[in-house]
Amino acid sequence: MKYIFGSFTLIAFIIACSPKTSTEVVTEMEEVSMTAEMSSGKSLYESRCIKCHGYKEIKNYSRAQWEKILPAMMEKAQLAEEEKKQVHAYVFGTINE
Ligand code: HEC
């Protein structure tokens, strides 16, 4: 545990001391944090979830709200099981950012 904490401190120190690198690190992390599952979910969200209403901003709803809204909406959008997983990963991944 101490070792893990130490590594974080060290990383934070390195980032804090090199402004240029920190921007690069952040960009890389954003790319990595969107998994293949999430980006498929994003495409589905942007094509299938705008048919009945406009684009709903994910961050306008809390995690608790999404837990109720999303299953109902995925039924409405008639998503396949695999597509549901992808949209779920995208929505909850976006909330967690
Ligand atoms: C068959 C039509 C239909 C489809 C497809 C659909 N929705 Fe909806 N959705 C509705 C209706 C009707 C409402 C209620 C009216 C409104 O808020 O515009 C709604 C409301 C919402 C709300 C607001 C809920 C609230 O309590 O304020 C969100 C968020 C939402 N939809 C997300 C989605 C997502 C994500 C998808 C894709 C998985 C989706 N919708 C696909 C019909 C649909």
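Remember, predicted model here, so these are calculated numbers, not experimental data. Residue indices begin from 1 for each chain and proceed along its sequence in written order. Given that the model is predicted, a residue must reach a pLDDT of at least 70 before its local features are reported, and side-chain atom pairs must reach 80 or more before they are shown or counted; all residues, however, enter totals for whole chains, interfaces and linings.

How do you make sense of the overall build of the protein when you look at a structure like this?
To qualify as a helix, a DSSP run of H or I must reach at least 4 residues; to qualify as a strand, a run of E must reach at least 2; elements of each kind are numbered from the N terminus. Per the secondary structure count, the protein includes 5 helices and 0 strands. Contact definition: two residues whose C-beta atoms, as placed from backbone geometry, lie within 7 Å. Nonlocal contacts in the protein, meaning residues at least 24 apart in sequence, comprise 76% of its contacts between residues at least 6 apart.

Could you clarify how one ought to interpret the site of the ligand in this entry?
Think of it this way: take the backbone, place a C-beta atom on it, and check whether that atom is within 6 Å of the molecule or strand, in which case the residue is near it. If you check the shell around the ligand, you find 15 residues, and the closest are C49, C52, H53, M73 and A77. Here the shell around the ligand is built from residues that sort into 10 nonpolar, 1 polar and 4 charged. Residue type decides the class: Asp, Glu, Lys and Arg count as charged, Ala, Val, Leu, Ile, Met, Phe, Trp, Tyr, Cys and Pro as nonpolar, and the leftover types, Gly among them, as polar.

Explanation requested: helix α4 (residues 63-76) in the structure shown.
Because an α-helix packs 3.6 residues into every turn, residues spaced three or four apart end up facing the same way. Spanning 14 residues, α4 covers 20 Å between terminal C-alpha atoms, matching the ideal 20 Å at 1.5 Å per step. Counting other C-beta atoms within 10 Å of a residue's C-beta gives its exposure: the residue is buried at 20 or more, exposed at 12 or fewer, and partly exposed in between, where C-beta atoms are placed from the backbone. Among the 14 residues of α4, 1 are classified as buried, and the element is accordingly described as predominantly exposed. Backbone geometry just after α4 places Q78 at a positive phi near 55°. Take the residue count of a helix, subtract one, and multiply by 1.5 Å to get its expected span.

Explain the packing of helix α3 (residues 36-48) against helix α5 (residues 81-95) to me, please; I cannot follow it from the model alone.
Geometry of a packed helix pair, given as the angle between the helix axes and the separation of the axes. Two elements in contact, α3 and α5, have axes whose closest approach is 7 Å; the angle formed by their N-to-C orientations is 95°. Between α3 and α5, the angle is such that the two are roughly perpendicular. For the pair α3 and α5, the contacting residues are E37, M38, S40, G41, K42, L44 and Y45 in the first and E83, K85, Q86, V87, A89, Y90 and G93 in the second. Residue classes in the contact of α3 with α5 are distributed as 6 nonpolar, 4 polar and 4 charged. Only the stretch in contact is used when a helix axis is fitted, and all axes are lines through C-alpha atoms; the angle between N-to-C directions ranges over 0 to 180 degrees. For this classification, under 35 degrees means roughly parallel, over 145 means roughly antiparallel, 65 to 115 means roughly perpendicular, and everything else is oblique.

Even after reading the chapter, I still don't get the packing of α4 against α5, so can you show me in this structure?
Interhelical geometry of α4 versus α5 gives an angle of 160° and a closest axis separation of 11 Å. Comparing their axes, α5 and α4 come out roughly antiparallel. Between α4 and α5 the crossing geometry is right-handed. Mapping the contact onto sequence places R63, W66, L70 and M74 in α4 and K84, V87, H88, V91 and I95 in α5. The crossing is said to be left-handed when, going from far helix to near helix, the turn is anticlockwise and less than a right angle, and right-handed when the turn is clockwise.

Would you mind showing me how to read the nonpolar core here?
One broad trend across soluble globular proteins is that nonpolar side chains are buried collectively. Definition of nonpolar core: a set of buried Ala, Val, Leu, Ile, Met, Phe, Trp, Tyr and Cys residues joined via C-beta atoms within 7 Å. Residues Y45, C49, M74, V87, Y90 and V91 constitute the largest nonpolar core, which totals 6 residues. It is α5 that provides the largest number of residues to this core, a total of 3 residues. Ignoring sequence-local partners within four residues, the contact set of V91 consists of I58, W66 and L70.

Please explain unusual backbone geometry as it appears in this structure.
For Q78, which is not glycine, the phi dihedral falls at a positive 55°. Take Q78: there are 8 C-beta atoms within 10 Å of it, and that puts it in the exposed class.

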